[in-house]
Amino acid sequence: MPDNIAATTRSQQKVGHARLKEPVLVKGRREFFQYRDLGVAEASAGGMRAQVMMASQGMSRPTGWHYHECDGQFIYILKGWVDLQFEDGRTLRVEQGDSLFIPGYLRHNEIRTSAEMEILEVSTPGVLGTRPCDPPAGWKD
């Protein structure tokens, strides 16, 4: 990256600090999760986003097939587990201590979670769009 571009990007960024004792809860994509914003989108001038998704009861129903408008989404399971289906036919259980990178625009469906769950979710850029979509052709639940 040329020095002038790197300097401009750095000048727009600042240190971000999120305190567990003072959580910033924000509206998220799913009504059955709570979302704690970690201040990364603001600190990175929109370059990336980080949130902790929390649930105190399991999902009542699958999220439905969708994709995210982003470069990529990274999750790390802090507590519990989540089952996800992917357009290539795979179903994965991602458990405590596991991580997963989901490329942007890849169709997937969250189908189950443990009763209690916490997931660190990081995406680039700092705005993450979510679009519902049809299941992959020939998909059978």
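So, here's what we can say about the structure. (Residues numbered from 1 in each chain as written. Predicted model: local features only at pLDDT ≥ 70, side-chain atom pairs only at ≥ 80, totals over all residues. Heavy atoms only, no water.)

Together, Phe-74, Tyr-76, Leu-78 and Phe-101 make up a nonpolar patch on the protein surface, roughly 360 Å² of accessible area in all. Per-element accounting of the nonpolar patch gives the leading share, 3 residues, to strand 5 (residues 72–79). As for its position among the elements, Tyr-76 is in strand 5. (Patch = residues over 30% accessible without salt bridge, like charges linked within 9 Å, V, L, I, M, F, W, Y side chains within 5 Å. Areas by Shrake-Rupley, 256 points an atom, 1.4 Å probe, with all protein chains shown as cover. Salt bridge = Lys/Arg side-chain N within 4 Å of Asp/Glu carboxyl O. Helix = DSSP H or I, 4+ residues; strand = E, 2+ residues; numbered from the N terminus.)

To continue, consider the sheet that holds strand 10 (residues 117–124). Spatial ordering of the open sheet is given by 1-2-3-10-5-8, a layout of 6 strands whose pairing is antiparallel. The open sheet has two free edges, formed respectively by strand 1 (24–26) and strand 8 (99–103), since each of these has just one partner strand. This sheet shows a mean twist of 30 degrees between the axes of neighbouring strands, independent of strand direction. Here strand 3 (residues 49–55) pairs with strand 10 via 7 bridges, running antiparallel. Across the sheet, Val-52 pairs through a bridge with Leu-120, a residue of strand 10. (Pairing = 2+ DSSP bridges. Axes fitted to C-alpha atoms, helices over the stretch in contact; angles between N-to-C directions.)

Residues Phe-33, Val-82, Leu-100 and Ile-119 are the most contacted members of the largest nonpolar core, which totals 15 residues. At the level of elements, strand 3, strand 5, strand 6 (81–86), strand 8 and strand 10 are the ones that each hand at least two residues to this core. Ignoring anything within four residues of it in the chain, the contact list for Val-82 reads Ile-77, Leu-92, Arg-93, Val-94, Glu-110, Arg-112, Thr-113, Met-117 and Ile-119. By size, the runner-up hydrophobic cluster in this structure holds 5 residues, among which are Leu-38, Ala-50, Val-52 and Met-54. (Core = buried A, V, L, I, M, F, W, Y, C linked by side-chain atoms within 4.5 Å. Buried < 20%, exposed > 50% of the residue type's maximum accessible area, 1.4 Å probe, protein only. Contact = heavy atoms within 4.5 Å.)

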